[in-house]
Amino acid sequence: MRAYYFDNAPGDQRLPHDSGREVPFDTLAALGVLYWRIPVDTPGGWEAKINAIAEERRYSSRDVVTANKDAFGPAFEEKMDMFFREHIHEDEEIRYLLEGSAFFDVREHTTDSWIRCHLEAGDMIILPAGIYHRFSLDEREHARTLRLFKDEPQWIAHYRGAETDKNPYRVEYLKTFSGAQMAQAVGA
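**Observations regarding the overall build of the chain**
Phase 1 of the analysis: A count of helical and extended segments in the chain gives six helices and eleven strands.
Phase 2 of the analysis: Taken against the 2.2 N^0.38 rule, which gives 16 Å for 188 residues, the C-alpha radius of gyration of the chain at 17 Å falls within 12% of a compact globule.
Phase 3 of the analysis: For the C-alpha atoms alone, the extent of the chain along its principal axes is close to 50 × 40 × 35 Å.
Phase 4 of the analysis: Within the chain, buried positions represent 43% of all 188 residues.
Phase 5 of the analysis: Counting only contacts in the chain whose residues sit at least 6 apart along the sequence, the fraction spanning at least 24 positions is 75%.
Phase 6 of the analysis: Summing over all exposed atoms, the chain offers an accessible surface of approximately 9,800 Å²; the carbon and sulfur share of this is 51%.
Phase 7 of the analysis: One way to put it: in the chain the 23 positive side-chain charges average out to a point 2 Å from where the 33 negative ones average out.

**Overview of the nonpolar core**
Phase 1 of the analysis: Core analysis: the biggest nonpolar cluster contains 27 residues, and Leu28, Val33, Ile115, Cys117, Ile125 and Leu137 have the highest contact counts within it.
Phase 2 of the analysis: Sorting the residues of this core by element identifies strand E1 (2-6), helix H4 (76-84), strand E6 (93-108), strand E7 (113-120), strand E8 (123-127), strand E9 (133-137) and helix H6 (168-185) as the ones contributing at least two each.
Phase 3 of the analysis: Take this core: its biggest share by element is four residues, from E6.
Phase 4 of the analysis: For isoleucine 115, the residues in contact, after removing those within four places along its chain, are Ala3, Tyr4, Tyr5, Val23, Thr27, Leu28, Leu31, Phe104, Asp105, Val106 and Glu108.
Phase 5 of the analysis: With 13 residues, the next largest nonpolar core counts Ile38, Ala54, Ile126 and Leu148 among its residues.

**Remarks on the environment of phenylalanine 149**
Phase 1 of the analysis: The residue phenylalanine 149 is located in strand E10 (residues 142-149) in this model.
Phase 2 of the analysis: Take phenylalanine 149: its relative accessible area is 7%, and that puts it in the buried class.
Phase 3 of the analysis: Between the alpha carbons of phenylalanine 149 and arginine 62 there is a distance of 5.9 Å; along the sequence they are 87 residues apart.
Phase 4 of the analysis: Among residues more than four places away in sequence, those in contact with phenylalanine 149 are Tyr59, Ser60, Ser61, Arg62, Asp63 and Gln154.

**Structural notes on unusual backbone geometry**
Phase 1 of the analysis: Residues other than glycine seldom take positive phi values, yet asparagine 8 does so here, at roughly 60°.
Phase 2 of the analysis: For asparagine 8, a relative accessible area of 53% gives the class exposed.
Phase 3 of the analysis: Positive phi values are uncommon outside glycine, yet arginine 58 reaches one of about 65°.
Phase 4 of the analysis: Relative to the helices and strands, arginine 58 resides in the loop between helix H2 (46-57) and strand E4 (61-68).

**With respect to H2**
Phase 1 of the analysis: For H2, built from twelve residues, the straight-helix expectation of 16 Å at 1.5 Å per residue is met to within 8% by its first-to-last C-alpha distance of 17 Å.
Phase 2 of the analysis: Within H2 the residues assigned to the buried category are Trp46, Ile50, Ile53 and Ala54. All buried residues of H2 project into a common sector of 100° when viewed along the axis, lining one side. Residues Glu55 and Glu56 are exposed on H2 and point more than 90 degrees away from its buried face.
Phase 3 of the analysis: If you follow the buried residues of H2, they end up packed against strand E3 (34-37), E4, E6, E8 and E10.

The rules behind each value
- Residues numbered from 1 in each chain as written.
- Predicted model: local features only at pLDDT ≥ 70, side-chain atom pairs only at ≥ 80, totals over all residues.
- Heavy atoms only, no water.
- Helix = DSSP H or I, 4+ residues; strand = E, 2+ residues; numbered from the N terminus.
- Rg over C-alpha atoms; globule rule 2.2 N^0.38 Å.
- Buried < 20%, exposed > 50% of the residue type's maximum accessible area, 1.4 Å probe, protein only.
- Contact = heavy atoms within 4.5 Å.
- Areas by Shrake-Rupley, 256 points an atom, 1.4 Å probe, with all protein chains shown as cover.
- Lys, Arg positive; Asp, Glu negative; His and termini not counted.
- Charge placed at Lys NZ, Arg CZ, Asp CG, Glu CD.
- Core = buried A, V, L, I, M, F, W, Y, C linked by side-chain atoms within 4.5 Å.
- Expected span 1.5 Å × (residues − 1).
- Arc of directions from axis to C-beta.

Right, dumping it as structure tokens:
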């Protein structure tokens, strides 16, 4: 995975939009974004590593979704627009790319900047509940993704707005930072 600040230039969301400003993994970790590199051709199989992470984090179900023009048919552009609209979820978003490549953009809450994470097959990312983010395929327009869930598979987006800013999961997400910032301020 490669992470960098999104350039905010107009144009197709599937283009790299690379500002040239790299984002280190510790910056993502500070936002609550977790990352693993688990090659799909790992000796002994990637499944064992994914299963260990799923057990540790108490994920009980999973599914596989293919995102491309064949899978979505005439609704392809509509789906891409929906996934690219800024939103949060009330649970972690866990994705492991089995094939292809895609972008996850996460909102850096302190600057309101977008950080673009370009994932390829073998990359696993976990976005915390309450973080503003969006998804897009890249120019290859194909990703086959394993999704993991704590409960039954679902995808419920809460799109950015005044009401979502008051969502308890968003508020809780932001509290994790205000507490850390207060601890730094008092020298803890």
